[in-house]
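This is what each chain is made of:
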Number of protein chains: 2
Amino acid sequence: MTRAGLNTQRVTEAGADLADEIGFTQITVSELARRLDVKVASLYSHVRNSEDLKVRIALLALEELADRAADAIAGRAGKDALIALANVYRDYARAHPGRYTAAQYRLDPQTAAAGAGPRHARMTRAILRGYDLQEPDRTHAVRLLGSVFHGYTSLEMGGGFDHSAPDSDQSWSRTLDALDALLRHWPRP
Amino acid sequence: MTRAGLNTQRVTEAGADLADEIGFTQITVSELARRLDVKVASLYSHVRNSEDLKVRIALLALEELADRAADAIAGRAGKDALIALANVYRDYARAHPGRYTAAQYRLDPQTAAAGAGPRHARMTRAILRGYDLQEPDRTHAVRLLGSVFHGYTSLEMGGGFDHSAPDSDQSWSRTLDALDALLRHWPRP
DNA sequence: ACATCTACCTAAAGGCTTTAGGCAAAAGGT
DNA sequence: ACCTTTTGCCTAAAGCCTTTAGGTAGATGT
């Protein structure tokens, strides 16, 4: 009887793929075992428990997202960079809904700090180099951008903008126009 | 042996309270039964199954939120109304994290349309009466506002803005200033 | 060929979900 | 008060998911 050749890495990737297919919240160790054609107990050599599996999928998704974001903003500035970064999140969420949901999974502070979370914050901050904002407004703007990227994407994923005109692509595009305008004319306190 | 006197309504409310204490994702029928000091099977007279319980909690939260939002925007306009509405969401999320998470629970379109979801959209739209926006920009703005309210609140709830200066209250306040400015000077296509 | 990992297995205990069938408290009519 | 109906809660049981313990055989290196 030949082996499947699993290790923690592969189990995590298979978990992420499975999440994209059936939804992150539906992930169970049993379901993943079925998918990998392996007995449930076998997975417990690669993953501490069900929670550990979810955390690993979350960290994987955060890292993949950060890599794509870094690619997207390299060599761009201002509105170009803003649009490129924003689209990374939205496109990733549409292509990999399970992974994207996983990226929102609540991690304890230590784990979060050790993962790719901080890279995301730095990249959003980097976008603002193209605009004339000083601290603390820069931080406020980072938080606003994060909120819009995540908020829009997650409402859209939840079907909130389906079945109503105008279509979501247009709102997205105009939302980015609006954010760009806002960053260029950020109000004084 | 005297009865607990439960019905669907009370079970749902107890479920919502429990969600606020232990987190919406931790909700199980068993846990709720323990909380109510009742055997698990008994709850299945009041609730079809675990999913049904969660949906009911979600609908309850959406309704409570809509009621508070309606109170908040009554008799206000412009930036006042914007701030009041935004604070309803944020305050509710902080006071009732379990219910707030429940309000984000994905409902099937039929259930969603029958619940308080559409009321929320109408109220956000009502806020924009105080600003000079025509369709389709009005809809784009509704979506942007929803994204920011939900996005900011959910990142804040997830601890994303902890342990970094300036504190989240300030960013929130300045974010609302920025949104107000944006709505007053919405960019042309 | 040998020892050593290591990937996978069987077995079993415990918890959550859900259905079926029953009993007794509450509610309502006469 | 008495009887009937309703209904709120129960016990029992089956099925699936999680997790641990202990065992076996394929891969790896000497």
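Up top you'll find the structure we're talking about.
Everything numeric in this text was worked out from a predicted model, so none of it was measured.

Looking at this structure, I do not really get the protein's contact with DNA strand D. What am I missing?
Lining the immediate surroundings of DNA strand D are 21 residues, of which A:Ser50, B:Arg3, B:Ala4, B:Lys39 and B:Ser42 lie closest. If you look at DNA strand D and keep only atoms within 4 Å of the protein, 64% of those are sugar or phosphate atoms. Here A:Ser30 contributes a backbone N or O atom positioned 2.9 Å from a phosphate oxygen of DNA strand D. B:His46 is positioned such that a nitrogen or oxygen atom in its side chain is 3.3 Å from a phosphate oxygen of DNA strand D. Among the elements of the structure, α2 (29-36) and α3 (40-43) of chain A together with α3 (40-43) of chain B are those that each provide at least two residues to the surface near DNA strand D. For the surface near DNA strand D, the element with the highest residue contribution is α2(A), accounting for 3 residues. In terms of residue class, the surface near DNA strand D is made up of 9 nonpolar, 8 polar and 4 charged.

It is not clear to me how the protein's contact with DNA strand C should be interpreted in this structure. Could you clarify?
Around DNA strand C sit 22 residues, and of these A:Arg3, A:Lys39, A:Ser42, B:Arg3 and B:Ser50 come closest. At 3.3 Å, a side-chain N or O of A:His46 approaches a phosphate oxygen of DNA strand C. In the model, a phosphate oxygen of DNA strand C is placed 3.2 Å from a nitrogen or oxygen of the B:Val29 main chain. If you list the elements that add at least two residues to the surface near DNA strand C, you get α3 of chain A together with α2 (29-36) and α3 of chain B. Counting residues per element, the surface near DNA strand C draws most heavily on α2(B), at 3 residues. The residue makeup of the surface near DNA strand C, split by class, is 10 nonpolar, 8 polar and 4 charged.

I would appreciate a short explanation of the pattern of salt bridges in the present structure.
Side-chain pairs of opposite charge can arise where the charged atoms are in close proximity. All names here are of chain A. Under the criterion given, the structure shown has 34 salt bridges over all chains. Where Glu64 meets Arg99, a salt bridge forms, and the shortest distance between an N and an O atom there is 3.1 Å. Here Glu64, found in helix α4 (residues 50-73), pairs with Arg99, found in helix α6 (residues 97-103); they are 35 residues apart in sequence, far enough to count as distant. One salt bridge in this structure joins Arg94 and Asp169, with 3.8 Å as the shortest N-O distance. Of this pair, Arg94 sits in helix α5 (residues 78-95) while Asp169 is found in helix α10 (residues 168-184), placing the two residues 75 residues apart along the sequence. One network of salt bridges, in which partners are shared, links Asp17, Asp20, Glu64 and Arg99.

What counts and how
Residues numbered from 1 in each chain as written. Chains lettered and ligands numbered in written order. Predicted model: local features only at pLDDT ≥ 70, side-chain atom pairs only at ≥ 80, totals over all residues. Heavy atoms only, no water. Near = heavy atom within 4 Å. Polar contact = N/O pair within 3.5 Å; in protein donor to acceptor, adjacent residues only side chain to side chain. Helix = DSSP H or I, 4+ residues; strand = E, 2+ residues; numbered from the N terminus. Nonpolar A, V, L, I, M, F, W, Y, C, P; charged D, E, K, R; others polar. Salt bridge = Lys/Arg side-chain N within 4 Å of Asp/Glu carboxyl O.

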